[in-house]
Structure formats: structure tokens, C-alpha cells
Amino acid sequence: MMEEKIQHEQELNEELLNDLLQTGDVESFREEFLSHHPYDQATFYEKAELEIRQLMYQYLSPKEMADIYEAIELDDDEYEDLFKEMNAHYAADLLSAMYTDDAVDVLNKLNKEQVATYLTIMDKESARQIKDLLHYEEYTAGSIMTTEFVSIPMNSTVRSAMNILRNAAPNAETIYYVFVVDEDLRLSGIVTLRDLIISDEDTLISSIMNERVVSVSVGEDQEEVARMIKDYDFLAMPVVDFQNHLLGIITVDDIIDVLDEEASDDYSKLAAVSDMDTFDRGPLTAAKKRLPWLILLTFLGMLTANLMGMFEATLDQVALLAVFIPLIAGMAGNSGTQALAVAVRGIATGDIEEESKVKLLFREAGTGLITGLVCGVVVVGLVYFWKGELLIGLLVGTAVAGSIFVATLAGSFIPLLIHRLKIDPAVASGPFITTLNDIISILIYLGLATTFLGSL
């Protein structure tokens, strides 16, 4: 009942905002709209029709619209269309009002002509800061860092540091960490807001700062940065160049976006989809994304069918063997996918670096051997009681045990090998492992059947 009431109130608010916009009641619209959280504002904006959005551009300042764009979640191609709706000067002021890292994220989704136009129109200082970040390679620390942070000289006092903090706070993305630099702007230490509040005003910063600062290189991969912030429980991470000059910081809210992006990317690859489909994409767009992988898997499937054709004589003599092919292939595929999930997760979380890869392979081999033997024995019993064929049962059970063992080993070895080759291990996706294990299991099963055909 409570959920229905909240849903109803939200729908009423949307209708009210639409009415206020269409009737031109600017003051009431602004009062109602700006009372909501930026996320709710962004949700309303994203759902709005073109006519409503055009009115919003008239009634909201670029700074107020910038707050919406810092909370909004859109597909890459939608940014370009939305910015084309706006007046170029309005869009440039919007980007200038955003935090630099967020503005760079948006500009990376626009075409080159739009980017050049906005950088030319916006104020020189904002354009300079954005240009400084735009040249960093995508998915690196430099591409997601912000230059809106608070830094203080090492030889200053707490009193002067607090004055610097007060002046910088309105434009800083976070004030809980204050970074200490030397006269050459090299990162020397860090103090927290708590340190400044509880310390005497005449205390030197150098005497209360923490000199053991954990930082990341500007070229570090964003996944590694996310892992470090998670491990150290930081709210922000300083970014430095090779000479330890402080260039910017990465805040935890940006890392949450990175984790979501990386998880979505890995999951899409595990499903053999190039980009994760979204509900608002049409069937034609979704089909274009999926078809290349499906066609490739079709050719791999034909290889499996060709292998079965090689054992046609064996299947003709003992037709009952064909009944158990789906069982053996399915169990091999399942065990291989389980091992794949463990290996990919271990690589993604960094656990694989702490544990010897050889040890991991031995552990998975042992797991595959145990599960294979247990499943093999179960299959022998089931086949015997179902068909009354002990020899067939032994053959199928042996094939199941061997297939599970090999599939488990392959499921863990392949992503480790791909990771060693500096390729994203998620490309060793479930469908590829499953297809590979189909081939392996058929070779084992029908190979054994051909070898012992005279006994069947």
C-alpha cells in the first residue's frame, strides 16, 4: 500500500511539473522542481518530451541543468542528440558549471564538431581545465580524475590552511581530504578536515600531516584505481605524474560509476554480447549487437557437428550412444562455466595476484577430478537402472568424469592464459567455453565408444 502511495505521488508531481511548464508558471515550476533531489530531477528530464525539455532550458539556468547532468544516466548516443537541442552558448555554460571530470565524460560522448564548438565558446579557464583532461587515454586515472580539489603548502599553519579551505570549498568536489604539496607542487602528505578542526591554529601542517600517502599514476587503469579505493576505504585518491606532482583526485562517486561500468562490460562479454543491451533500444539495434557473436558461435557449432559426423559409423552400430550426448556435453559445459566464473572473478578482484596461478589450476583440477568421479558414478547407476546396460553405463560414466575434469581445467586455464596475454579475460565468455567443452566432451565420449566398440 505504501509503495502504491509513493508511486501515485510521484506521478502527480510529474503531471504538476508538466502543467506548470506548459502554462508558463516559471516561479511555481522552479520552486517545485528545485525542491527535488538532482537524481529525481534527472529522471524527470530523461522521461520528458522534446517540447518539455525545450521549456526546461528556458526556465533553468545552465548551473541548475549542470546538476541534472551530473546525476543523469544515459546511453552514449543520447548525449549527442540532447546537446543538439540546446543553444550552443547554453550548452557551453552548462559544461563550464559541471565538475571538470563530469564535463569531460560528457564531451567524450559528443562528436568532434560539438566538442570544438563548446570549448571555443566557454570561458577560457574552464576550457583549459577540460582540455588538460581530454588528452588522457580513456579508462585511465587521468580520464576520470577531477582538478577541483584543495591543496595547501607544507609550510603553512592550520589557520592559513583553514582560510584556503574556506575559499576553495565552494568549487571543490570534496573537502574531507586536504592534500599537502611542497614548493614544487609535489604531493608530500595529506590532512583530513578532522585533523584541521581539532588542531591548534598555530600548528604547522607539516607536523600533523600523514606522509604515507597512497596515490595512483595518471596512466593507471581505472579498474586498478577502483580496486585500491575499495581496499583502502578512501573517499578520494590523489593522482600524480611520474615526478609525483599532484594533478588531480578521483572521488568515490566516480569509482562507483567505474565499478558499474566494468561490471556491465564484463557481464556482457560473459554473455557474448558486445555491448549490454538496454530496454530502450529497438530490436534492430539489439540484433546488430548480437548477430556477430551468434554467427561466430554458429561456425563453432558446425565444428561440433562435423566431429559427430566423424563418428557416424559408431553411432550407427550402437544408436543408444546418441541419447547421452546432450547429457555429457551439458555437464561438461556447466562445470567449465563454473570454473570460468571463479577464474574471471579472481582476476577482476585482484585475488588471483595473491594466489599462485599454478596453485589455482591444481585446485580446480582437483575439484574437477572429484566432481567428475562423483557424477560419473551417479551416471553409471542411472544408466544401468534405466536401460539395464552396465557397459554403456560405464562408458557414459567414464566420459562424464573425463569431460568434467578437462572442462573444469579448461575453464580456469583459458582466462588465466588470456589475462597473461594482456587481453580482457571476460572475452573467454560462457558461450565460447561451452562450445569448446562440447567439442572436448564429444571427442572423449565417442572416442572411447569407438575404442571399445567391440565390447558394446
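Residues numbered from 1 in each chain as written. Predicted model: local features only at pLDDT ≥ 70, side-chain atom pairs only at ≥ 80, totals over all residues. Heavy atoms only, no water.

Under an unreviewed UniProt entry, the chain has the name Magnesium transporter MgtE and belongs to Planococcus chinensis. The heading Subunit (unreviewed entry) in the UniProt record of the chain holds the text "Homodimer." The annotation that UniProt attaches to the chain under Function (unreviewed entry) is "Acts as a magnesium transporter." (UniProt positions renumbered as here; feature names shortened; annotations may be inferred.)

Undergrad: Even after reading the chapter, I still don't get the nonpolar core, so can you show me in this structure?
TA: Note on soluble globular proteins: their nonpolar side chains tend to be buried together. Counting residues in each nonpolar core, the largest one holds 57 residues, and the members touching the most others are Tyr45, Met56, Met65, Tyr69 and Phe83. Contact partners of Met65, with chain neighbours within four places excluded, come to Tyr45, Met56, Tyr57, Leu60, Tyr90 and Leu94. Val379, Val383, Ile404 and Ile442 belong to the second-largest nonpolar core, a separate cluster that totals 17 residues. (Core = buried A, V, L, I, M, F, W, Y, C linked by side-chain atoms within 4.5 Å. Buried < 20%, exposed > 50% of the residue type's maximum accessible area, 1.4 Å probe, protein only. Contact = heavy atoms within 4.5 Å.)

Undergrad: Help me understand the packing of aromatic side chains, please; the structure alone is not making it clear to me.
TA: The relative placement of two aromatic rings is captured by the distance of their centres and the angle of their planes. Under the definition given, this model contains 14 aromatic pairs. Ring pairing ties together the aromatic residues Tyr45, Tyr57, Tyr69, Tyr79, Phe83, Tyr90 and Tyr118, which thus form one cluster. (Phe/Tyr/Trp six-rings, centres within 6.5 Å; stacked < 30°, edge-to-face > 60°.)

Undergrad: Teacher, can you tell me more about the UniProt feature "transmembrane region" (unreviewed entry) in the chain here?
TA: When the UniProt feature table is mapped onto this chain, "transmembrane region" (unreviewed entry) is found at residues 291–311, 317–344, 365–386, 392–418 and 430–453. Counting secondary structure, residues 365–386 comes out at 100% helix and 0% strand; the distance between its end C-alpha atoms is 31 Å. When the span residues 392–418 is considered, its composition is 100% helix and 0% strand, and the gap between its end C-alpha atoms is 38 Å. (Helix = DSSP H or I, 4+ residues; strand = E, 2+ residues; numbered from the N terminus.)

Undergrad: Please clarify how the sheet that holds strand β6 (residues 246–251) should be interpreted in this entry.
TA: Neighbouring strands of a sheet are bound in pairs by backbone hydrogen bonds; such pairs are parallel or else antiparallel. Here 3 strands make up an open sheet; going across it, the order is β4-β5-β6 and the pairing mixed. Edge strands, defined here as strands with exactly one partner in the open sheet, are β4 (216–217) and β6. Pairing of strand β5 (residues 236–240) with β6 involves 5 bridges; the strand directions are antiparallel. Bridge pairing in β6 links Pro238 to Ile249. (Pairing = 2+ DSSP bridges.)

Undergrad: Sorry, what's going on with the sheet that holds strand β2 (residues 177–181) here?
TA: The strand order across the open sheet formed by 3 strands is β1-β2-β3, and the pairing between neighbours is mixed. Two strands close off the open sheet at either side, each with one partner strand: β1 (151–153) and β3 (187–192). Across the sheet, the mean angle from the axis of one strand to that of its neighbour is 35 degrees, orientation sign disregarded. (Axes fitted to C-alpha atoms, helices over the stretch in contact; angles between N-to-C directions.)

Undergrad: Teacher, can you tell me more about the pattern of salt bridges here?
TA: For side chains of opposite charge, pairing can occur when their charged atoms come near one another. If you walk through the whole model with that rule in mind, you get 13 salt bridges. Between Asp132 and Arg128 there is a salt bridge whose closest N-O contact spans 3.0 Å. Placement of the pair is Asp132 and Arg128 together in helix α10 (residues 124–134), with a separation of 4 residues, close to one helical turn. Taken together, the shared-partner salt bridges connect Glu125, Arg128 and Asp132 into one network. (Salt bridge = Lys/Arg side-chain N within 4 Å of Asp/Glu carboxyl O.)

Undergrad: Just to check I follow, could you spell out unusual backbone geometry for this structure?
TA: Excluding glycine, most residues fall at negative phi; most peptide bonds, likewise, are trans. In the Ramachandran plot, Tyr139 falls in the positive-phi region, its phi being about 70 degrees despite a non-glycine side chain. By the element assignment, Tyr139 lies in the loop between α10 and α11 (141–144). Despite not being glycine, Leu185 has its phi angle at roughly 65 degrees, a positive value. With relative accessibility at 54%, the residue Leu185 sits in the exposed group.

Undergrad: Would you explain the packing of helix α3 (residues 38–47) against helix α5 (residues 62–71) in this entry?
TA: Angle between the axes and distance between the axes are the two parameters that describe a pair of packed helices. Two elements in contact, α3 and α5, have axes whose closest approach is 8 Å; the angle formed by their N-to-C orientations is 90 degrees. Taken together, α3 and α5 sit at an angle that is classed as roughly perpendicular. Contact with α3, carried on its side by Pro38, Tyr39, Gln41, Ala42 and Tyr45, involves Met65, Asp67, Ile68, Tyr69 and Ala71 of α5 and no other residues of that element. Across the contact of α3 with α5, the residue classes break down as 8 nonpolar, 1 polar and 1 charged. (Parallel < 35°, antiparallel > 145°, perpendicular 65-115°, else oblique. Nonpolar A, V, L, I, M, F, W, Y, C, P; charged D, E, K, R; others polar.)

Undergrad: In this structure, what is going on with the confidence of the model for the chain? I would like to understand it.
TA: When pLDDT is low, close inspection of the predicted coordinates is not appropriate. Summary statistics for the chain give a mean pLDDT of 83 and a share of 84% for residues scoring 70 or more. The low-confidence segment residues 1–12, where pLDDT is below 50, has 0 contacts with residues more than four positions distant or belonging to other chains. (pLDDT = per-residue confidence, 0-100.)

Undergrad: What should I look at first to understand the environment of Lys357 in this one?
TA: Summarising the element assignment, Lys357 is placed in helix α21 (residues 357–387). In this structure Lys357 comes out as partly exposed when scored by relative accessible area, which is 29%. Remark: the alpha-carbon pair of Lys357 and Ala343, spanning 14 residues in sequence, is separated by 9.7 Å. Residues within four places of Lys357 in sequence aside, it is in contact with Leu416 and His419.

Undergrad: So what exactly am I meant to see when it comes to helix α15 (residues 222–232) here?
TA: Residues spaced three or four apart along an α-helix point in a common direction, a consequence of the helix completing one turn every 3.6 residues. Among all positions in α15, only Gln222, Val225, Ala226, Arg227, Met228 and Ile229 are buried. Regarding α15, its N-cap is Asp221, as a side-chain oxygen of that residue lies 2.8 Å from the backbone nitrogen of Glu223 further along. Just downstream of α15, Asp233 is the residue with a positive phi angle, here 55 degrees. (Polar contact = N/O pair within 3.5 Å; in protein donor to acceptor, adjacent residues only side chain to side chain.)

Undergrad: Explanation requested: the environment of Ala401 in the structure shown.
TA: Within the secondary structure, Ala401 sits in helix α22 (residues 390–420). Discounting residues that sit within four places of it in the chain, Ala401 has contacts with Gly372 and Leu373.

Undergrad: Would you mind going over helix α8 (residues 100–107) with me for this structure?
TA: Counting buried residues in α8 gives 7 out of 8 residues, a clear majority hidden from the surface. What α8 keeps buried is the set Thr100, Asp101, Asp102, Ala103, Val104, Val106 and Leu107.

Undergrad: Is there a simple way to think about the pairing of β5 in this case?
TA: Along a regular strand, successive side chains alternate from one face of the sheet to the other. Burial runs high along β5: 5 of the 5 residues are buried. The alternating pattern of β5 places Ala236, Pro238 and Val240 on one face and Met237 and Val239 on the opposite face, and all of these are buried. Judged from the 2 bridges that link them, β4 and β5 form a sheet pairing that is parallel. From the neighbouring strand, Val216 faces β5, where its bridge partner is Val239.

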